[in-house]
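One letter stands for each residue in the lines below.
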Amino acid sequence: MRLLKTRALATGAVLALSLAACGDDAGTGGGDSHIEVEVAENPEFPEGSTMAKLAEAGEITIGVKKDQPGIGFEVPGEDIPEGFDIEIGRIIAGALGIDDGGITWKETISDNREPFLQEGEVDIVAASYSITEDRRKVVGQAGPYYVTGQQLLVREEDKDTITSPEDMKGIKVCSVEGSTSLETAEVEYGAAPVPLPTYSECVDQLENGTVDAVTTDGAILLGYAAENPDELEVVTEPFSEERYGIGYQKDDTEMCQFINDTLEQSFEDGTWAAAFEATLGEAGVETPEPPALDPCE
Ligand code: GLU
């Protein structure tokens, strides 16, 4: 049995909780979207395991998005980015006995998540990272810890004319290189999308009129819409299933099991729901039931 100690954030957990309770915007400002995370005291792991090495070092590098409000978002002047993926990363680090001071948040964009894991640039990835068969051929993906689906983001004035994924035909749709969203738009809906490295660049292009829509996971789009509610609107029913997983080094089954156990614990003790409410919940997404985890192989 691990001994757990509760650790307050440097900013003061009481302050953080009371500010979060007051309600803030999409969790992109103010540094108050962090939950209180338990940091295990001297956790024990099998000798030689990745968990033992990370726990011993007291350090972990987590690949995250830094431009997706509500998911993974860097706030100028703040050490810790904000978003649901960030809180999940903090929960996993905490179970390894690593506190916020031991976490390096490394930016990953959609296209470099597999190479970053393969080359050891990051220990794990928590970056709106859908579990797919193709990705699981080259990296490990534990989870899912969240399920969302692809939708479209349009300018407010277009919300009654662009209403279904079929409407992607013949309009300029921006999505991101290396994402499932780009592939679905092209392969399933015959769109000729505009591929860019990040979603924030796509949203810039939507706002300045260069493209007509942005497509990716609803959870990501809702974060951008919450930042600019007068001008941007999320439309269409979800037309794919995106199961977010935690990336780890391929074939490290012990690590997969540890991540799954940690996620399961957070589902049960309410930490997962608290993380959701403090981040995506602030963008107006209702807290779902936690998903069923895939078994580790
Ligand atoms: N969840 C999708 C994916 O992993 C789209 C979001 C992203 O690119 O991060 O490809």
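The structure contained in this document is the topic of the report that follows. (Residues numbered from 1 in each chain as written. Predicted model: local features only at pLDDT ≥ 70, side-chain atom pairs only at ≥ 80, totals over all residues. Heavy atoms only, no water.)

### With respect to a negative patch on the surface
There is a patch of like negative charges on the surface, built from Asp111, Glu177, Glu201, Asp204, Glu207, Asp230 and Glu231. If you trace the backbone, Glu231 turns up in the loop between helix H8 (218-227) and strand S13 (232-235). Classification of Glu231 as partly exposed rests on a relative accessible area of 45%. (Patch = residues over 30% accessible without salt bridge, like charges linked within 9 Å, V, L, I, M, F, W, Y side chains within 5 Å. Areas by Shrake-Rupley, 256 points an atom, 1.4 Å probe, with all protein chains shown as cover. Salt bridge = Lys/Arg side-chain N within 4 Å of Asp/Glu carboxyl O. Lys, Arg positive; Asp, Glu negative; His and termini not counted. Charge placed at Lys NZ, Arg CZ, Asp CG, Glu CD. Helix = DSSP H or I, 4+ residues; strand = E, 2+ residues; numbered from the N terminus. Buried < 20%, exposed > 50% of the residue type's maximum accessible area, 1.4 Å probe, protein only.)

### Some details on H8
Counting along an α-helix, one turn takes 3.6 residues, and residues three or four places apart therefore face a common direction. The buried count for H8 comes to seven of ten residues, which makes it a mostly enclosed element. Residues of H8 that are buried: Gly218, Ala219, Ile220, Leu221, Gly223, Tyr224 and Ala225.

### Quick notes on the state of the cysteines
By definition, a disulfide is the covalent link that joins the sulfur atoms of two cysteine residues. In this structure the tally under the stated criterion is two disulfides. Between Cys174 and Cys202 runs a disulfide, and the two sulfur atoms are separated by 2.1 Å. Residues Cys174 and Cys202 share a disulfide whose torsion about the S-S bond is about -65 degrees; that sign makes it left-handed. Separated by 28 residues along the polypeptide, Cys174 in strand S10 (residues 173-176) and Cys202 in helix H7 (residues 199-207) bring together distant segments of the chain. A residue is classified by how much of its surface remains accessible, and Cys202, at 0% relative accessible area, is buried. Paired through a disulfide, Cys256 and Cys296 show a sulfur-sulfur distance of 2.1 Å. Taking the sign of the torsion about the S-S bond as the criterion, the disulfide between Cys256 and Cys296, at about -80 degrees, is left-handed. Remark: Cys296 occurs in the segment after helix H10 (271-278) and Cys256 occurs in helix H9 (residues 253-269); sequence separation between them is 40 residues. (Disulfide = S-S within 2.5 Å.)

### Points about the packing of aromatic side chains
Throughout the structure, instances matching the rule amount to eleven aromatic pairs. Between the aromatic rings of Phe267 and Trp272, the centroid separation amounts to 5.5 Å while the plane-to-plane angle is 80 degrees, which identifies the pairing as edge-to-face. Just as Phe267 is buried, Trp272 falls in that class too. Following the ring pairs from residue to residue traces out a cluster consisting of Phe84, Tyr145, Tyr146, Tyr244, Phe267, Trp272 and Phe276. (Phe/Tyr/Trp six-rings, centres within 6.5 Å; stacked < 30°, edge-to-face > 60°.)

### Some thoughts on the sheet that holds strand S9 (residues 150-155)
Strands sit in the order S11-S10-S12-S9-S13 across an open sheet of five strands; the sheet is mixed. Because the sheet does not close on itself, it has two edges, and the strands there are strand S11 (194-196) and S13. On average, each strand axis in the sheet is inclined to that of its neighbour by 30 degrees, with strand direction left out of account. Inspection of the sheet shows S10 paired to strand S12 (residues 213-217) by two bridges, in the parallel sense. (Pairing = 2+ DSSP bridges. Axes fitted to C-alpha atoms, helices over the stretch in contact; angles between N-to-C directions.)

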